[in-house]
Amino acid sequence: MTAPLTPPHQPPSDPWQAPPAGSSAIPPRPGADTEGPGLAGELRAAAVVLLALVVSGLLLGLLWWQLAPHVPLVLEAGSVYLKDSEGEQAIGVDGVFTLLGIGFGAVAGVLLFLLRRRGGVPLVVALMAGSLLGAVVAWRFGIWLGPTEDVIGHAKEVGPGVTFDAPLELKAKGALLAWPIASLAVHLALTGLFGPRDPEPELPYTYGPGDGNPPRQQDVKGA
């Protein structure tokens, strides 16, 4: 006689049978649903990064005003001239702003990577936009802190033959890009070298043709 080994009222299991609809062959990792801050959290973090970078532009403008070389002017015969026509102070003003922008960009990229190691598109966009806006704020704030832009009025006030400082002026407007380019480059480099890696998916083991098929029934011969 033939007796099934499977319990009654239970269909036999088939290893070759496809998994039920809606099931996944790879079980989700614990905490996968709650991992990451989500889009709303990333947007809030991006807004904070943007605001912090814009405010830090005030510090860059202050340092630019303090560290930039002074361009001496003098009033002679009713006209304003450079006291040292062969001086390189004007180039130094642009150079100081560029170096400060690179430094601020490097610090911003490192801090963002350390605080939000997982990164995200909104954070990178906020890093670029905030750095550019911060550079513009620094440029205008430094000019506001520096000598007056009314050169003729200032020259008449100090009098002929008296040396006075020219207002801060950023002749090379490309220096405004030093901060955003440096911040993006540093952040991308750190993310590529030390950023988290996605784990390799674990493929489920299935029976192959050479592995044999476990029997579902066994013939039991009675006496």
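**Brief notes about the environment of A178**
In step 1: You can see A178 is positioned in helix 5 (residues 178–194).
In step 2: For A178 and L132, which are 46 residues apart along the polypeptide, the C-alpha to C-alpha distance reads 8.7 Å.

**Some points on the packing of aromatic side chains**
Two numbers describe a pair of aromatic rings. These are the distance of the centres and the angle of the planes.
In step 1: In the structure shown here, the tally under the stated rule is 3 aromatic pairs.
In step 2: Taken together, a centroid distance of 5.0 Å and an interplanar angle of 75 degrees make the contact between W64 and F97 edge-to-face. Separated by 33 residues along the polypeptide, W64 in helix 1 (residues 38–67) and F97 in helix 2 (residues 89–115) bring together distant segments of the chain. The exposure classification of W64 matches that of F97, with both residues buried.
In step 3: With a centroid separation of 5.4 Å and 70 degrees between ring planes, the pair formed by F104 and W179 is classed as edge-to-face. With a gap of 75 residues between them, F104 in helix 2 and W179 in helix 5 connect regions that are remote in the sequence.
In step 4: You can call F104 buried: its relative accessible area is 18%.
In step 5: Stacked on the ring of W139, the Lys or Arg R140 has its end atom at 4.9 Å from the ring centre.

**Structural notes on the layout of surface pockets**
In step 1: One number sums up the size of the largest pocket: a volume of about 280 Å³.
In step 2: Together, 14 residues line the largest pocket, and A52, L53, A108, L111 and L112 are the ones closest to its centre.
In step 3: Elements with a minimum of two residues in the lining of the largest pocket: helix 1 and helix 2.
In step 4: Considering only residue class, the lining of the largest pocket consists of 12 nonpolar, 1 polar and 1 charged.
In step 5: Its boundaries defined by the atoms lining it, the second largest pocket holds a volume of some 230 Å³.
In step 6: In this structure, the second largest pocket is lined by 15 residues; those nearest its centre are V71, A166, P167, L168 and E169.
In step 7: Here the lining of the second largest pocket is composed, by residue class, of 11 nonpolar, 1 polar and 3 charged.

Definitions and limits used
- Residues numbered from 1 in each chain as written.
- Predicted model: local features only at pLDDT ≥ 70, side-chain atom pairs only at ≥ 80, totals over all residues.
- Heavy atoms only, no water.
- Helix = DSSP H or I, 4+ residues; strand = E, 2+ residues; numbered from the N terminus.
- Phe/Tyr/Trp six-rings, centres within 6.5 Å; stacked < 30°, edge-to-face > 60°.
- Buried < 20%, exposed > 50% of the residue type's maximum accessible area, 1.4 Å probe, protein only.
- Lys NZ or Arg CZ within 6 Å of the ring centre and 35° of its normal.
- 1 Å grid on protein atoms, 1.4 Å probe; cavity = no way out; pocket = protein on both sides within 12 Å on 5 of 7 lines; lining within 4 Å.
- Points joined across faces, edges and corners; volume = space filled by probe spheres on them.
- Nonpolar A, V, L, I, M, F, W, Y, C, P; charged D, E, K, R; others polar.

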